Amino acid sequence: MNRIERTFKELKSLNKKAFIPYIMAGDPSVERTKELVLVLEECGADIIELGVPFTDPLADGPTIQRAAERALKEGVTLKGVLALVKDLRTKTRVPLVLMTYYNPVFKYGEERFVKDAKDAGVEGVIIPDLPPDEAGELIKTAKKADLATIFLLAPTSTEDRIKKVATASRGFIYYVSMTGITGSQILLDGSIEKSINNIRRITDKPVAVGFGISTAEQARAISGISDGVIIGSAIVRKIQEAPEGLKDFILKLREAVR
Amino acid sequence: MKKGYFGKYGGRFVPETLMPALMELEKAYLESKKDRDFQKELIHLQKTYIGRPTSLYFAKRLTEHLGGAKIYLKREDLAHTGAHKINNAIGQALLAKKIGKKRLIAETGAGQHGVATATGAALIGLDCDVYMGTDDMKRQALNVFRMRLLGARVIEVSIGSRTLKDAINEALRDWTTNVNTTHYVLGTVFGPHPFPSMVRDFQSVIGKEAKKQIMQAEKRLPDYLVACVGGGSNAMGLFHEFLGDNIKMIGVEAGGKGIDTGEHAARFAGGSVGVFQGCKTYLLQDDNGNVLGTHSVSAGLDYASIGPEHPFLRDLGKVQYTYATDDEALAAFELLSKTEGIIPALESAHAVAEAVKLAPKLSGDKLIIVNLSGRGDKDVQHVAAIKGISL
Ligand SMILES: Cc1ncc(COP(=O)(O)O)c(C=O)c1O
């Protein structure tokens, strides 16, 4: 069993939900990212998503776009992120998931990527512009290496799509809370719960929700209806604009997810 | 061949949110091909609104000046709004109406596709927002104002390289957000399936007409077809009808300041296979898979990637690709203006520049058709500025 799967299983047996913060690797520097991962773990993160900077992040809003620009200026690449993970593995066992666009992986070579990611200690990968329809080879290779492939579902997903994504996903399913990009305004009107219930009728894989969750209240509401809460832009913004308040903010979010 | 692929190129690399919309679009597009009423309406608008067929014009003085093969110009510059982009925009606007969308969005580089989409929206009565990079808004200011006159909102994109690729990113983000109400009118044979095939089909009217017209004028098929290649829609539009014939076809990319300088948009000369903005194709990228900045004097060719059917045709040896530099395109821009009284778009001037190189090497009985994809009014200010003349 993959460590992500085990994390969800353990949380479930304790009747708890996963708190999954996202940060951009290399924003504002590689050294700072290493510190931040340890801070997040210390604050109780169950899984941590590391963004890989890309020039054209078409699923991301301005906050993460700018973070990617800063990281690219620092010279951070996919290769660099793998080295960063390898280094972190001497200090922490917290499950790390890479969130990357597909072209850096394609250019790196899928097979080589899976091998190097696994060797470095990456547990899973989320590729927002790679639907399962185009991921046949990656799914196969990753499965052999026990690297979790986490695919996304959205409010627009039909039953066919839910089946397809559920079959292809390992670790958890990433439910995108809205039709939109990261950092948009979330709407808590009951539609998310309805969608998650639809997904649950089709699969018993864990479902974590992300996009637009920026406050402890929202995190609490989402944790009540899902298996995990992913928070990205709000944390990235805090790191950039008010780092002194970061730890308090993370602790509040952690406390809200249960 | 895998669905949505041209050999190993193409596909559908988009966020899950958009997958159902692309499937719906594919279905509507396939149905529309067989739908008699739809085709009748499209043909009627092509004739009465766009002004098709556009003429195939024998460029006598240019031919004499170059002293070789006979050069014909397919006059897409004479289509309504001044470029081939309208062929696709009207087709997609009709489709959007058919699938019940109330709003159109588009990206634009040169502004021609933005103008064409704004025109389609006005014609059919839909809302329209157009994304355009800050740098392109400056060099194509005339078209920005035209779009506004047509009732569209022009949204400035000031992130990234502030040109076409960034406008496409923003349009895709908008579409992801508003997919339930909005149709994204992609302006070229690029992006996720079905756009590359669909846009090609809407543009293929160019080649169909040209084939009939050259048969009428010369009683035979041409020896060469030449077209500029940004995303590649005017080229596909001309080439597609001739793919079964034994004809040499040349796609002309933007050589910018020269390949060695790195400041260009010649994807075949300087790029490699990658996955970008929805499809697998050639891409100007670094070793880490990040997309490189581009340069061209022409906004419509200033783009890091190329429609996926082009590398497929290149691999098959059906189409050859070359490039023209900024200077060559500017010289062709002036040459065509002076010899024929036709001011071409700077994009189209790249195709003319290739004809300038090619024709003198061929004998006088050879025939070249150059796709004159658009007219140059939009570029007059920009060219004046390059020449240091203030208007
Ligand atoms: C007149 C004209 N020609 C050519 C192009 C390039 O596009 P494509 O390669 O899709 O024909 C443009 C794009 O803006 C254009 O305006």
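Structure: above.
Numbering of residues begins from 1 in every chain and follows the order in which that chain's sequence is written. Going through the entries in the order they are written, you letter the chains from A and number the ligands from 1. Totals for whole chains, interfaces and linings use every residue, but because this is a predicted model, local features are given only for residues with pLDDT of at least 70 and side-chain atom pairs only at 80 or more, for both listing and counting. Calculated side-chain values reflect all of the structure's heavy atoms, with hydrogen atoms and water omitted.

**Q** Help me understand the packing of aromatic side chains, please; the structure alone is not making it clear to me.
**A** Ring pairs (aromatic) are described by centroid distance and by the angle formed between their planes. Stacked, edge-to-face and tilted labels apply to pairs of Phe, Tyr and Trp rings (six-membered ring for Trp) whose centres lie within 6.5 Å, assigned for plane angles under 30 degrees, over 60, and everything in between, in that order. Under the criterion given, the structure shown has 14 aromatic pairs over all chains. Relative to B:Y72, the ring of B:F58 has its centre 5.3 Å away and its plane inclined at 40 degrees; by these criteria the two rings are tilted. Taken together, the residues span a long stretch of sequence, with B:F58 in strand 3 (residues 56-58) and B:Y72 in strand 4 (residues 70-75) at a distance of 14 residues. Classification of B:F58 as partly exposed rests on a relative accessible area of 26%. Partly exposed residues are those whose accessible area sits between 20% and 50% of the maximum for their type, while under 20% is buried and over 50% is exposed, using a 1.4 Å probe and protein chains only. Take B:Y72: its relative accessible area is 5%, and that puts it in the buried class. Lysine NZ or arginine CZ positioned within 6 Å of the ring centre and within 35 degrees of the ring normal marks a charge as sitting over the ring. For A:R112, the ring lying beneath its charged end belongs to A:Y108, and the centroid distance is 3.9 Å. Lying over the aromatic face of B:Y57, B:R75 brings its terminal NZ or CZ to 5.9 Å of the ring centre. A helix here means a DSSP run of H or I that spans at least four residues, while a strand means a run of E at least two residues long, and both kinds are numbered starting from the N terminus.

**Q** Can you help me understand unusual backbone geometry in this one?
**A** Comment: phi is negative for the bulk of residues other than glycine, and the bulk of peptide bonds are trans. Across the junction of B:R52 and B:P53, the peptide omega takes the value -5 degrees, indicating a cis bond. Mapped onto the fold, B:P53 is located in the loop between helix 2 (36-50) and strand 3. Backbone torsion omega between B:H193 and B:P194 reads 15 degrees, so that peptide bond is classified as cis. Its place among the elements puts B:P194 in the loop between strand 8 (182-184) and helix 9 (195-203). In this structure, A:D146 is a non-glycine residue whose phi angle is positive, near 65 degrees. With respect to the helices and strands, A:D146 occurs in the loop between helix 7 (136-145) and strand 5 (148-150). Here the phi dihedral of A:F211 falls at roughly 85 degrees; this positive angle occurs in a residue that is not glycine. By secondary structure assignment, the location of A:F211 is in the loop between strand 8 (207-210) and helix 10 (216-223). Judged by its relative accessible area of 7%, A:F211 is buried.

**Q** For this particular structure, what's the right way to read the sheet that holds strand 4 of chain B?
**A** Pairing between the strands of a sheet comes from backbone hydrogen bonds, and it takes one of two forms, parallel or antiparallel. Residue and element names in this part refer to chain B. Strand pairing is defined by DSSP finding a minimum of two bridges between the two strands. Strands sit in the order 3-4-14-9-10-13 across an open sheet of 6 strands; the sheet is mixed. For this open sheet the edge positions go to strand 3 and strand 13 (319-325), each flanked by a neighbour on one side alone. Each strand of the sheet is rotated relative to its neighbour by a mean of 25 degrees, with strand direction disregarded. In this structure, strand 9 (residues 224-228) lies alongside strand 10 (residues 248-256), joined through 5 bridges in parallel fashion. Note that in strand 10 the partner of A227 across the bridge is G251. Two residues qualify as a contact provided that any one of their heavy atoms is within 4.5 Å of a heavy atom in the partner residue. Note on definitions: angles span 0 to 180 degrees between N-to-C directions of axes, and those axes are lines fitted to C-alpha atoms, for helices only across the stretch in contact. Along the sheet, helix 10 (residues 205-218) makes contact with strand 3, strand 4 and strand 14 (367-372), crossing strand 4 at roughly 140 degrees. Packing against the sheet, helix 15 (residues 346-358) makes contact with strand 4, strand 9, strand 10, strand 13 and strand 14, and its axis sits at approximately 145 degrees to strand 9.

**Q** Is there a simple way to think about the layout of surface pockets in this case?
**A** Taking a probe equal in size to a water molecule and rolling it over the atoms shows the remaining empty space. Both site types are read off a 1 Å grid over the protein atoms alone. A 1.4 Å probe that fits but cannot get out defines a cavity, while an open set with protein on both sides within 12 Å along at least five of seven lines defines a pocket; lining residues have an atom within 4 Å of a point. Grid points are joined across faces, edges and corners, and a volume is the space filled by probe spheres set on the points. Estimated volume of the largest pocket: approximately 430 Å³. Lining the largest pocket are 19 residues, and of these B:Q39, B:Q46, B:D201, B:V205 and B:K208 lie nearest its centre. The dominant element in the lining of the largest pocket, judged by the number of residues it contributes, is helix 2 of chain B, at 6 residues. Its volume calculated, the second largest pocket comes out at about 370 Å³. A:F8, A:K12, A:D204, A:P206 and A:D227 are, among the 18 residues lining the second largest pocket, the residues nearest its centre. Considering every element that reaches the lining of the second largest pocket, the biggest residue donor is helix 1 (residues 3-13) of chain A, with 5 residues.

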